[in-house]
Amino acid sequence: MVFSASTNTPAPPPEARSTQTNRLFWRWWRKQSPGQQDRYATLGPLVSVLLFLAAIIAAFWYIRNEEIEREQESVKRDTEVVQQQIRLRLIENQEQLMRLAREISVKSINPQQFMQQAGDFARARPEIISVSWVQADASIKAISPSLSLPLDPAPSLDMDTFGSHPDMFAPLQDTKEPKNAFKLARERNQPVYSRPYANQMAAKVIQVHIPLIDRYGFMGNLVTEYSLESLMRYLVPREVASRHAMSLVQVNGDLLTSTVGAGNESSAKPTFVHDVVVTPVGNGLMLRGMGFRTSSNLVGNTLFWMVVALSALTVWTLLGMLRHMRRRSQIQKTLVQETNFRRAMENSMLTGMRTIDLDGRITYVNPAFCAMTGFSEDELIGCVPPYPYWPKDRLDEFNRMFQQELLGRSPMGGIEVLMQRRDASQFDARMYVSPLIDDQGNQTGWMTSVTNITEAKRVRDQLTAAHERFTTVLEGLDAAVSVVSVKRGDLLFANRSYRLWFGANPDAHTQLTGGAMTADPQPVCDESVDDFGGLPTQELTNAGSETREIFMDSVQKWFDVRARYVQWTDGNLAQMLIATDINDRRQSEEVAARQAEKAQFTSRLITMGEMASTVAHELNQPLAAIANYCSGMISRVQSGQIDNESLIGALEKTGRQAQRAGQIIHRIRQFVKRSEPQRQPSRVRDITDAVLELAVFEMKRRRVTLNTTVANRLPTLMADPILIEQVLLNLLKNAAEAIDSGQMPQSRRIIDLRVQQRKLEDQSAVVEFSVSDGGPGINEDVLKRLFEAFHSTKAEGLGIGLSLCRSIIESHQGRIKAENIYNGETVTGCRFTFTLPIDSGDVGDFTDTTTDPSNELLAGTP
């Protein structure tokens, strides 16, 4: 059934409408004069012919325009397809490169592994020229060129060419585009694409810079170079390239590369051009699709087309009527779909919708409103105030709000109300009211949206309570907490301890931070920078806190100060400070230092006490020799059997033996003498020689061979030589005792002392002392607690020797460790190693030189 457009009454059938139209036409015709009827009869055929000609011309014009529009749509569609192909490929490559960059940042791969992974990555992607690992100082640490070259048919590259010209693939060339991209990636800490430029091979390329970030900050970029020609060659589908020409151009129109070769370029001007931005590159790189107009085959015999038009006129009329009916049916179907879609959208909303007329009667509610209140649509439609969802104890309040709503005085930010469900439970809601306007511009009522904010209000109350608890905790801290604005220097927050010690004075904050907040950095033109503070907000707030110890004269206290930059609630940069009273800790540290000094002295006395019998034996030898020489000379002098030359020789031997005994006593005295720890420039050779003079006695007594290897030209150490000698002597004595107590055979009664210079994993230079023995080794469980105080593996040990050794080495910023020596799964000894740092300006030679056999201590000889 067909309905009238203006009313809802059924329209008359087509036959009735046609009869009515004919009746009206003939009534009008009879009213015309005969002359007018003749003129109309004459003009009728002419008008018909003109209409037919116009129809033919319109048909030609329409068909041609359809072809042009189809071609334009085809160019646009193909251009967007190519853009999507390039975009997906670049994003996929970028994700792979970011994954490789993360592995470099956490130092899980070395340059060789990087070159292998980068080579595999580049070989699978012919559009990539090279992948480079560039350090923070713009130097190249590793580079992996692609083996898919040449990029251009002209030059041919091989690995010999790359070897003779290594800078051919240098990522940061003498052009500004890669340098600018390197700088932007460093500043933004995110991937950056360079502008297109020509590299040293005259190829048009772009670069993507992936920043390498570790816990210390920026450490370089991962730079990948793309060939624009290869991007077009491998990423433009063949069917697209066969239909339309695709090219990469700059924003100013300069051509970079195209799918049409230099020899095949057509001089014809493109009819259709469609430009899109190449993402994620940007930087003025555009993808241009071009289409060329083709000749039309529609031009034919005009008379033929006129006959066809005359023949098809009737069919066209019928088809037009059919098309009109179908269009109307489609419009009705579309209207039904739109209505259903709107209804489904309203049903899926969590926000309740309610409509009232100007009298306050409810005319519409959506399912969300019904579910929110618990009332059905039938129960709500037609209701007038008081509504059933109004709480019974707040009717007066709701009536006042309702009157304000009818007067259009509801606040724009909404109203928080308490609504009641059908089961008498209540919930918090926020209502927004807006006028309902019809198609004539007249207001017909009010539309109200209702949102359940019970959960949001609960979270807000919890946040408020948490803030109060947090403030209570800060007020109860024994440490002083303060926040000062970088922009104005005002004290934004101070807890009770800060106010107790310093009052409300921000100058104490500045004194505690050492005035670091008053620095005058270089201006940074960026939106992430606080305009007044002049400091980069993002970088400073991401930085860790600084720790320092400072003495405040105003309160006569030592404080451990931690300060960092934060973004305050108003968005401006501020500095937060936490100052902890460490007076008691400092006093404890001073007492501990004095105790450690006493323990070190005591350890040396214990060591010499344990070696007393050996030292006494060694002193007995020169003293006995002196006594023998003296008695022999007395006897020969009394008998008159000695001349002056023999007497002088005997006296010289006696003097040498006395000097030997004196050196032994002097070395023992220097070792056990109590003095303040004093770091001074010390030669490694002097330290080892002094230790060997004392250790030789213990080695001989226990029949242990001591082999010593000391590298030449070792740098001078800033250390306390007596303490280092104490550590080295303790390790040698422990090694000899382990061999002797384990009753090792003579082949394993050997101790190796090696001193050499080497570099740690962080490239810092150290001098390494290593003591290896052929003893029975140490149990793995004991190794974990070996350096703990009062833990000993000897029955008569005190457990303070190795603990003091660790304290001495760590006080020199060194490290000490112990490990077993294995031959397969068999323990063949133990090795103690400690390192001492070297000043960066004093680096020695790495050449090791084994001491002469005369310097080896062979304890096996009697």
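Right, let's walk through the structure included here. The residue numbers shown here count from 1 along each chain, following its written sequence. Since the coordinates come from a predicted model, pLDDT governs what is reported: local features require at least 70, and pairs of side-chain atoms require 80 or more to be given and counted, while whole-chain, interface and lining totals use all residues. Only hydrogens and water are set aside; all other atoms, that is, all heavy atoms of the structure, feed into the side-chain values.

1. Here we look at the overall build of the protein
At step 1: Segments assigned H or I by DSSP are reported as helices when at least four residues long, segments assigned E as strands when at least two residues long, and all are numbered from the N terminus. Scanning the protein from terminus to terminus reveals 22 helices and 27 strands.
At step 2: Burial classification: accessible surface area is computed with a 1.4 Å probe over protein chains only, and a residue below 20% of its type maximum counts as buried, one above 50% as exposed, and the rest as partly exposed. Buried positions account for 36% of the 862 residues belonging to the protein.
At step 3: Contact criterion: two residues are considered in contact whenever any of their non-hydrogen atoms come within 4.5 Å of each other. For the protein, restricting intrachain contacts to residue pairs at least 6 apart in sequence, the fraction spanning at least 24 positions comes to 59%.

2. Some thoughts on the sheet that holds strand 10 (residues 285-291)
As a general point, the strands of a sheet are linked pairwise by backbone hydrogen bonds and lie either parallel or antiparallel.
At step 1: If you walk across this open sheet you meet the four strands as 8-7-10-9, and the pairing is antiparallel. Single-partner strands in this sheet number two, and they are strand 8 (255-258) and strand 9 (272-277). Pairwise comparison of adjacent strand axes, ignoring direction, gives a mean angle of 25° for this sheet.
At step 2: Pairing geometry for strand 7 (residues 245-250) and strand 8, over three bridges, is antiparallel. Within strand 8, the residue paired with serine 247 across the bridge is serine 258. Only strands joined by at least two bridges in the DSSP assignment are considered to pair. Note on method: axes are straight lines fitted to C-alpha atoms, helices fitted across the in-contact stretch only, with angles between N-to-C directions ranging 0 to 180 degrees.

3. Description of a nonpolar patch on the surface
At step 1: Exposure above 30% relative accessible area and no salt bridge define the residues that can form patches, which grow by joining like charges within 9 Å and nonpolar side chains of Val, Leu, Ile, Met, Phe, Trp and Tyr within 5 Å. Note on areas: Shrake-Rupley, 1.4 Å probe, and residue coverage restricted to the protein chains presented here. Take a side-chain nitrogen of Lys or Arg and a carboxyl oxygen of Asp or Glu: if they are within 4 Å of each other, that pair is a salt bridge. Together, Trp61, Tyr62 and Ile63 make up a nonpolar patch on the protein surface, roughly 370 Å² of accessible area in all.
At step 2: Overall, isoleucine 63 belongs to the partly exposed group, its relative accessible area being 36%.

4. A short note on the packing of helix 20 (residues 721-741) against helix 22 (residues 801-811)
At step 1: Interhelical geometry of helix 20 versus helix 22 gives an angle of 145° and a closest axis separation of 10 Å. Viewed along their axes, helix 20 and helix 22 form a crossing whose handedness is left-handed. Here Leu723, Ile724, Gln726, Val727, Asn730, Leu731 and Asn734 of helix 20 lie close against helix 22, whose contacting residues are Gly801, Leu802, Cys805, Ile808 and Ile809.
At step 2: Any residue outside Ala, Val, Leu, Ile, Met, Phe, Trp, Tyr, Cys, Pro, Asp, Glu, Lys and Arg is labelled polar, Gly included; the first ten of those are nonpolar and the last four are charged. Of the residues belonging to the contact of helix 20 with helix 22, the class tally is eight nonpolar, four polar and no charged. Put simply, a crossing is left-handed when the front helix is turned counterclockwise from the back one by less than a right angle, and right-handed when it is turned clockwise.

5. Looking at the pairing of strand 11 (residues 352-357)
Side chains on a regular strand alternate between the two faces of the sheet.
At step 1: Counting buried positions over the six residues of strand 11 gives six, a clear majority of the element.
At step 2: Judged by which residues are buried, strand 11 turns out to be covered on both faces: Gly352, Arg354 and Ile356 on one side and Met353, Thr355 and Asp357 on the other are all buried.
At step 3: Two elements, strand 11 and strand 15 (residues 443-452), share six bridges in a ladder whose sense is antiparallel. Paired with glycine 352 across the strands is valine 450, a residue of strand 15.

6. Side note on the sheet that holds strand 24 (residues 750-759)
At step 1: Taken in spatial order, the five strands make up an open sheet running 22-24-25-27-26, and their pairing is mixed. The open sheet has two edge strands, strand 22 (705-710) and strand 26 (815-823), and neither has a second partner. The sheet shows a mean angle of 20° between the axes of neighbouring strands, direction not considered.
At step 2: Pairing between strand 24 and strand 25 (residues 765-773): nine bridges, direction antiparallel. By the bridge assignment for strand 25, aspartate 752 is matched with serine 772.
At step 3: The strands touched by helix 19 (residues 684-701) are strand 22, strand 24 and strand 25; relative to strand 22, the strand with the most contacts, the crossing angle is about 175°.
At step 4: Strands in contact with helix 22 are strand 26 and strand 27 (826-837); relative to strand 26, the strand with the most contacts, it is inclined by about 125°.

7. Points about the nonpolar core
At step 1: For our purposes a nonpolar core is just a set of buried Ala, Val, Leu, Ile, Met, Phe, Trp, Tyr and Cys residues, chained together by side-chain atoms within 4.5 Å. Of all hydrophobic cores here, the largest spans 47 residues; its most connected members are Ile751, Phe769, Phe832 and Phe834.
At step 2: The element contributing the most residues to this core is helix 20, with 10 residues.
At step 3: In this structure, phenylalanine 769 is in contact with Val684, Thr688, Leu717, Leu728, Arg754, Val755, Phe832, Thr833, Phe834 and Leu836, ignoring residues within four places of it in sequence.
At step 4: Val208, Leu228, Leu256 and Val276 belong to the second-largest nonpolar core, a separate cluster that totals 38 residues.

8. As for the pattern of salt bridges
At step 1: All chains considered together, the criterion is met by 25 salt bridges.
At step 2: A salt bridge links aspartate 214 to lysine 107; the nearest nitrogen and oxygen atoms lie 3.5 Å apart. You can see aspartate 214 sitting in strand 5 (residues 204-214) and its partner lysine 107 sitting in the loop between helix 2 (34-105) and helix 3 (111-123), a full 107 residues away along the chain.
At step 3: When its relative accessible area of 17% is taken as the criterion, aspartate 214 is described as buried.
At step 4: Across the pair arginine 288 and aspartate 275 runs a salt bridge whose closest N-O atoms are separated by 2.9 Å. Taken together, the residues arginine 288 in strand 10 and aspartate 275 in strand 9 connect sequence positions 13 residues apart.
At step 5: Its relative accessible area of 22% is what places arginine 288 among the partly exposed residues.
At step 6: Each of Arg702, Lys733, Glu737, Asp740 and Arg749 takes part in salt bridges that share partners, so that together they form one network.

9. A short note on the pairing of strand 20 (residues 573-581)
At step 1: Bridge count between strand 16 (residues 480-485) and strand 20: six bridges; the pairing is antiparallel. Within strand 20, the residue paired with serine 485 across the bridge is alanine 574.
At step 2: Sheet topology places strand 19 (residues 557-567) next to strand 20; nine bridges connect them, and they run antiparallel. By the bridge assignment, valine 566 is partnered in strand 20 with alanine 574.
At step 3: Hairpin connection of strand 19 to strand 20: five residues between the antiparallel strands, including glycine 571 at a positive phi of 90°.

10. Topic: the packing of helix 19 against helix 20
At step 1: With their axes 9 Å apart at the nearest point, helix 19 and helix 20 run at an angle of 30° to one another. Taken together, the axes of helix 19 and helix 20 lie roughly parallel to each other. Crossing of helix 19 over helix 20 shows right-handed handedness. Across from Ile687, Thr688, Ala690, Val691, Leu694, Ala695, Glu698 and Met699 in helix 19, the residues of helix 20 making contact are Pro721, Ile724, Glu725, Leu728, Leu729, Leu732, Lys733 and Ala736.
At step 2: Considering only residue class, the contact of helix 19 with helix 20 consists of 12 nonpolar, one polar and three charged. The cut-offs work like this: below 35 degrees is roughly parallel, past 145 is roughly antiparallel, 65 to 115 is roughly perpendicular, and the gaps in between are oblique.

11. Thoughts on helix 11 (residues 395-406)
At step 1: Between its first and last C-alpha atoms helix 11 spans 16 Å; for 12 residues at 1.5 Å apiece the expected length is 16 Å, and the two agree.
At step 2: Buried residues of helix 11: Phe398, Phe402 and Glu405, and no others. For helix 11, the buried positions fall inside an angular range of 55° around the axis, keeping them on one side. Turned more than 90 degrees away from the buried face of helix 11 sit Asp396 and Arg400, all of them exposed.
At step 3: Contacts from the buried residues of helix 11 go to strand 11, strand 13 (415-420), strand 14 (426-437) and strand 15.
At step 4: The first or second residue beyond helix 11 is glycine 408, which carries a positive phi of 75°. What a helix is expected to span follows from its residue count: subtract one and scale by 1.5 Å. Directions pointing from the helix axis toward each C-beta atom define the arc.

12. Description of helix 19
At step 1: Between its terminal C-alpha atoms helix 19 stretches 26 Å, which fits the 26 Å expected from 18 residues at 1.5 Å a residue.
At step 2: In helix 19, a bend of some 35° at alanine 695 exceeds every other bend along the element.
At step 3: For helix 19, the set of buried residues is Val684, Ile687, Thr688, Ala690, Val691, Leu692, Leu694, Ala695, Val696, Phe697, Glu698 and Met699.
At step 4: At the C-terminal side of helix 19, arginine 703 shows a positive phi close to 55°. The seven residues ending at a residue and the seven starting there each receive a fitted axis; the angle between those axes is the bend at that residue.

13. Concerning the environment of threonine 471
At step 1: Here threonine 471 lies in helix 12 (residues 454-476).
At step 2: You can call threonine 471 partly exposed: its relative accessible area is 26%.
At step 3: When the C-alpha positions of threonine 471 and asparagine 495 are compared, they lie 8.4 Å apart, and in sequence the two are 24 residues distant.

14. Structural notes on unusual backbone geometry
At step 1: Omega for the bond connecting threonine 279 with proline 280 falls within 30 degrees of zero, at 5°, which places this linkage in the cis form.
At step 2: Relative to the helices and strands, proline 280 resides in the loop between strand 9 and strand 10.
At step 3: Residue proline 386 is bonded to the preceding proline 385 through a cis peptide linkage, with omega at 0°.
At step 4: Counting through the fold element by element, proline 386 comes out in the loop between helix 10 (377-380) and helix 11.
At step 5: Even without glycine at this site, alanine 138 takes up a positive phi of about 70°.
At step 6: Among the secondary structure elements, alanine 138 is positioned in the loop between strand 1 (128-135) and strand 2 (140-145).
At step 7: Under the relative-accessibility criterion, alanine 138 is labelled partly exposed at 35%.
At step 8: We note that glutamine 743 has phi near 50°; this positive angle belongs to a residue other than glycine.
At step 9: In this fold, glutamine 743 is placed in the loop between helix 20 and strand 24.

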